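Residue-level listing of the chains:
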Amino acid sequence: MKIKDLVSKDTMVIKLKGSTKEEVINELVEVLYENEKIENKEEFKKSVLEREKISSTGLEDGIAIPHGRSRVVKNPTVAIGISKEGIDYDSLDGEKSKIFFLIAVPETTTDIHIEILSKITSSLMEYKVREKILAVETKDELYDIVNNFENKNTNNSDIEKNKDFYIGVTGCAVGVAHTYLAAECLEKAAKENGVSIKVETNGSIGVKNAPTEEEIRKAKGIIIASDKQVDLDRFNGKRLIITNVKDGIKNADKLIKDSIAEKGEIYQGTKKNIGNDKTSGNLLYRSLMNGVSHMVPLVIVGGILIALSLALGGEPTAAGLQIPPGSHWNDILNIGVVGFTLMIPILSGYIAYSIGDKPALAPGLIGGWIANNGSFYGATAGTGFIGAIISGILVGYFVLQLKKINFPKIVEPLVPIMIIPITASLFIGVLFIFIIGAPISSLMTVLNNMLISLSAGSLVIIGLVIGLMQGFDMGGPFGKVAFLFSVGLIADGQLQFMGAQAAAIPVAPLGMGLATIIAKKKGIFTSDEIENGKAALAMGMVGISEGAIPFAAADPLAVIPANMIGSAVACILGFLFGLTDSVAHGGPIVVLLGAMNKPMLALIAMLIGSITTAVIVITLKTLKTRKKN
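Treat the numbers as computed from the prediction; the structure is a model and nothing was measured.

Procedures and definitions
- Residues numbered from 1 in each chain as written.
- Predicted model: local features only at pLDDT ≥ 70, side-chain atom pairs only at ≥ 80, totals over all residues.
- Heavy atoms only, no water.
- Phe/Tyr/Trp six-rings, centres within 6.5 Å; stacked < 30°, edge-to-face > 60°.
- Helix = DSSP H or I, 4+ residues; strand = E, 2+ residues; numbered from the N terminus.
- Buried < 20%, exposed > 50% of the residue type's maximum accessible area, 1.4 Å probe, protein only.
- Lys NZ or Arg CZ within 6 Å of the ring centre and 35° of its normal.
- Contact = heavy atoms within 4.5 Å.
- Axes fitted to C-alpha atoms, helices over the stretch in contact; angles between N-to-C directions.
- Parallel < 35°, antiparallel > 145°, perpendicular 65-115°, else oblique.
- Left-handed = near helix turned anticlockwise from the far one by under 90°.
- Nonpolar A, V, L, I, M, F, W, Y, C, P; charged D, E, K, R; others polar.
- Pairing = 2+ DSSP bridges.
- Arc of directions from axis to C-beta.
- Salt bridge = Lys/Arg side-chain N within 4 Å of Asp/Glu carboxyl O.
- Core = buried A, V, L, I, M, F, W, Y, C linked by side-chain atoms within 4.5 Å.
- Expected span 1.5 Å × (residues − 1).

1. Focus: the packing of aromatic side chains
Step number 1: A full pass over the atoms with the stated rule returns seven aromatic pairs.
Step number 2: Consider the rings of phenylalanine 398 and phenylalanine 427, whose centres lie 3.9 Å apart with planes at 5°: the pair is stacked. Separated by 29 residues along the polypeptide, phenylalanine 398 in helix α13 (residues 384-403) and phenylalanine 427 in helix α14 (residues 415-454) bring together distant segments of the chain.
Step number 3: We classify phenylalanine 427 as partly exposed; its relative accessible area is 25%.
Step number 4: Among the aromatic residues, ring-to-ring pairing joins Phe485, Phe497 and Phe575 into one connected group.
Step number 5: Its guanidinium or amino end placed over the ring of tyrosine 89, lysine 21 lies 4.8 Å from that ring's centre, counting from NZ or CZ.

Structure, rendered in C-alpha cells:
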C-alpha cells in the first residue's frame, strides 16, 4: 500500500472556511462523510474531540494533525485542509495553525496503515514541504506534493560510526500521530547535534524498532518521551531522561542536548516508575485505567458466556437457575466462570503493574485472588472489585518502596524476578489474611444480623438497605450478603425478599447500558464504554450484575451512587408490588422462566430502577465534565 491509497483530491480543502478549532474539524469531518469515507460523522467527530481532550494535536510550525480511531471509518483515510490566515488551534508553540491533516483510522487498522500514516506526519516536519503546501492553488498541486512525500525510514537501527549513540522511546495515548512525530523530531535533533539515535515507537500497532541488548549497552543515554507505560528494567544502569510525548515533539533539541550533557538520572534496576505523571493523582488514575482496560475483556467474555448458557440451557429450581450437569451448556457456563474468576485478580495485578512495573504484577495478581476469596480470611464472600483496587494500589506502592532499597550488587539480578515479587506477595497476603480479613468477616456477620433485625420492620426500609447493598459492589461482598440472606428465606417460604432483590439485581448493568445509549453523543462516555454498554445490557438481562463493574472501577464516584440509588428504587418497588421469586436468581430472565408471581410489575420495577441509575450517572458525569472543562 502506498500513500496515494490514503489520500484523495475529493478530501482536500484548499481554502478552509472555519475560523475556530471545532469549525475546522467539522469541515474536514464533513468532507470525509460526503465522500463516504465514514459512516457516521457525529460518532467520528466525537472520537476526534476525545483525542483532543487528552492533548491538543496542534503542533509547532503551523501544523495540526487531528485524528480519530472509530468503527465508523470504512478504510484508513486522510482529509487535508489549508488555512493561509491560520486559526488558533492550541498549538504547542502558541502560533496559529495553517496546515491540517485529519487522519481517520478504523478500529481494526493494520500495521501497514499506521506506518504509512506515520510517514505522512513525519514528512510535514520538513520546512520546504510545509512551504510548498501553503503555496498551492489547486488540489492537483497539493495531491502531487503529498504523493511525493519522502519515503522516510524512522527505523534508524544502525549505530553510525564515530558518533555517540543514544536511544529514544516515544508513545502517545492513542498511538497514531504523536508517537511518530516525536520519533521524527528526536531523530532530526540528534542529526543536528552530531549524534546518532535509534527511536523505539510504542504506537497503536505495538512496539516497533525496539533496541537490541547490544544497542542498549552501547547507548550513552536514553530519552523516554512517552505517555504510555514503558518497560524500564532493560535500561538498568543507563542515564535516563523521562518526559511526555508532547515534550518529545516541542523540545526535542533540548532533550538531545540534555542527554549529551548527562543531565538524566542513572536508572537503578526497578527503583522508579516511568515519571511522566506529575502527581500521585495522575498515577493512580492511569493505573486504575490500566487495570480496568485489562479486566474488561474478561468481564465481557465471562458475562456473555454465562448469559448464553443460563438463557438457553438454564432451568429454574429451588436452588436457583441451574444448568443440567453434563450438558454442553454447563461446559460453556464453566468457561464463562473462568473469565469471571480471573477478572478481579487481573484488575488488581495490572493496577499494581502500572504503579510498580513488572515486579508488582505477580503479587498484584495474587493479592487480587486472595482479596476475592473470602475463605482466606474466614469471610462468606470476597471483597470484589473494591478489594482488587485496594490490593493493586497497596502492592504497587509497596513495590515502589522496595525499589528504593540499595540491595547488594550480588543479588541485584534477583531483585525484580524473585526478591520483590516474593516479598510483596507475602506482604499483601498477610495484610488481607491477618489484618484486613478479620474486619471484613466481622462486617459480613454484622450486615447479616442487621438484615435479620430489619426483616421484621418496614418493607421500605429493608428494601432500601438490600437495594443499596446490591448496587454498591455488584456481586461483591455487600451484594452477596444481601443475596444469601434472601436465598436463605426461600426455604422458609418467605419468597418476597428474593422477589424484591431479583428486581434490583439487574439494575446496575441495565442502567449503565441504558446510560451509554441515551448519552452516546454527550461525550461523557468513551467509545470503549459505549461498546461495553452493549455487553452490560446482555448481562443485565440474565441477572449478571458484574456487567457494571468496569464502569464502577473507572469512575466510582459517579457510577456507584447511581447504581445504589437505582437498585434501591427497584428493590423498594419489589416489596411494594408484592413480588415473589421462587429461585435464587434475578433479572428479566427469571421473569421469562415464570419464577416470579407478577411478571409485568417485576419488569416495571427493573425498568424504573434502571432508568433511575441511567439518569443519575448521566447527570453526575455531565457535571463532572463541565467542572473539568
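2. Digging into unusual backbone geometry
Step number 1: Residue asparagine 209 is not a glycine yet carries a positive backbone phi of 65°.
Step number 2: Along the chain, the position of asparagine 209 falls in the loop between β8 (206-208) and α7 (213-218).
Step number 3: With phi around 60°, glutamate 262 is a residue other than glycine that occupies positive phi space.
Step number 4: Residue position: glutamate 262 is located in the loop between α9 (252-260) and β11 (265-266).

3. Some remarks on the environment of isoleucine 304
Step number 1: Structurally, isoleucine 304 is set in helix α10 (residues 280-313).
Step number 2: Here isoleucine 304 falls in the partly exposed class, since its relative accessible area comes to 26%.
Step number 3: As for isoleucine 304 and alanine 535, which are separated by 231 residues in sequence, their C-alpha atoms are 7.1 Å apart.
Step number 4: Sequence-distant contacts of isoleucine 304, that is, excluding residues within four places in its chain, are made with Val299, Ala535, Ala538 and Met539.

4. Focus on the packing of helix α6 (residues 178-192) against α9
Step number 1: Interaxial distance between α6 and α9 falls to 8 Å at its minimum, and their mutual angle equals 55°. As the angle between them shows, α6 and α9 are arranged oblique. As for how α6 packs across α9, the hand of that crossing is right-handed. Contacts between α6 and α9 involve Cys185, Leu186, Ala189, Ala190 and Glu192 from the first element and Ala252, Asp253, Leu255 and Ile256 from the second.
Step number 2: Partitioning the contact of α6 with α9 into residue classes produces seven nonpolar, no polar and two charged.

5. Here's the deal with the pairing of strand β10 (residues 239-243)
Step number 1: For β10, the tally of buried residues reaches four of five residues, placing the bulk of the element in the interior.
Step number 2: As paired elements, strand β9 (residues 221-226) and β10 share four bridges and run parallel to each other. For isoleucine 224, the partnering residue across the bridge sits in β10 and is isoleucine 242.
Step number 3: Note that β10 and β11 share two bridges and pair antiparallel. Each bridged residue has a counterpart across the sheet, and for leucine 240 the counterpart in β11 is glutamate 265.

6. Focus on the environment of glycine 382
Step number 1: Examined against the element boundaries, glycine 382 turns out to sit in the loop between α12 (361-371) and α13.
Step number 2: Taking the relative accessible area as the measure of exposure, glycine 382 reaches 9% and is therefore buried.
Step number 3: Along the chain, glycine 382 and glycine 475 lie 93 residues apart, while their C-alpha atoms are 9.7 Å from each other.

7. Here we look at the pairing of strand β5 (residues 97-105)
Step number 1: In terms of residue burial, β5 counts as a mostly covered element, since eight of its nine residues are buried.
Step number 2: In this sheet, β5 lies alongside strand β4 (residues 77-87) in antiparallel orientation, the contact comprising seven bridges. Pairing of isoleucine 82 across the sheet is with isoleucine 99, part of β5.

8. Notes on helix α4 (residues 127-135)
Step number 1: For α4, every residue scored as buried is listed here: Val129, Arg130 and Ile133. The buried residues of α4 occupy one face: seen down the axis, they fall within an arc of 95°. The outward face of α4, more than 90 degrees from its buried face, is lined by the exposed residues Tyr127, Lys128 and Lys132.

9. Considerations on the pattern of salt bridges
Step number 1: Here the structure, examined in full by the defined rule, presents 21 salt bridges.
Step number 2: Lysine 21 is paired through a salt bridge with glutamate 52; the nearest N and O atoms lie 2.8 Å apart. Note that lysine 21 is positioned in helix α1 (residues 21-34) and glutamate 52 in helix α2 (residues 41-54), a separation of 31 residues in sequence.
Step number 3: Assessed through its relative accessible area of 16%, lysine 21 is described here as buried.
Step number 4: One salt bridge in this structure joins aspartate 357 and lysine 403, with 3.4 Å as the shortest N-O distance. Here aspartate 357 is found in the loop between α11 (328-356) and α12, whereas its partner lysine 403 is found in helix α13, with 46 residues between them in sequence.

10. Details of the nonpolar core
Step number 1: Membership of the largest hydrophobic core comes to 61 residues, with the highest contact counts inside it found for Met343, Leu347, Phe385, Met474, Phe525, Met596 and Val617.
Step number 2: The biggest single contributor to this core is α10, with nine residues.
Step number 3: Apart from residues lying up to four places away in sequence, phenylalanine 385 is in contact with Ile344, Leu347, Phe472, Asp473, Met474, Ile549, Ala552, Ala553 and Ile560.
Step number 4: Membership of the second largest hydrophobic core comes to 43 residues, among which are Met12, Ile14, Val129 and Cys172.

11. Here's the deal with the packing of α11 against α13
Step number 1: Interaxial distance between α11 and α13 falls to 7 Å at its minimum, and their mutual angle equals 30°. Between α11 and α13, the angle is such that the two are roughly parallel. As α11 packs across α13, the resulting crossing turns out to be right-handed.

12. Some points on helix α18 (residues 507-518)
Step number 1: For α18, built from twelve residues, the straight-helix expectation of 16 Å at 1.5 Å per residue is met to within 8% by its first-to-last C-alpha distance of 16 Å.
Step number 2: Where burial is concerned, most of α18 is hidden: nine out of the twelve residues are buried.
Step number 3: Those residues of α18 not exposed but buried are Val507, Ala508, Pro509, Leu510, Gly511, Met512, Gly513, Ala515 and Thr516.

13. Observations regarding the environment of valine 591
Step number 1: Structurally, valine 591 is set in helix α22 (residues 588-592).
Step number 2: With a relative accessible area of 8%, valine 591 lands in the buried category.
Step number 3: In this structure, the C-alpha to C-alpha distance between valine 591 and leucine 601, residues ten residues apart in sequence, is 10.0 Å.

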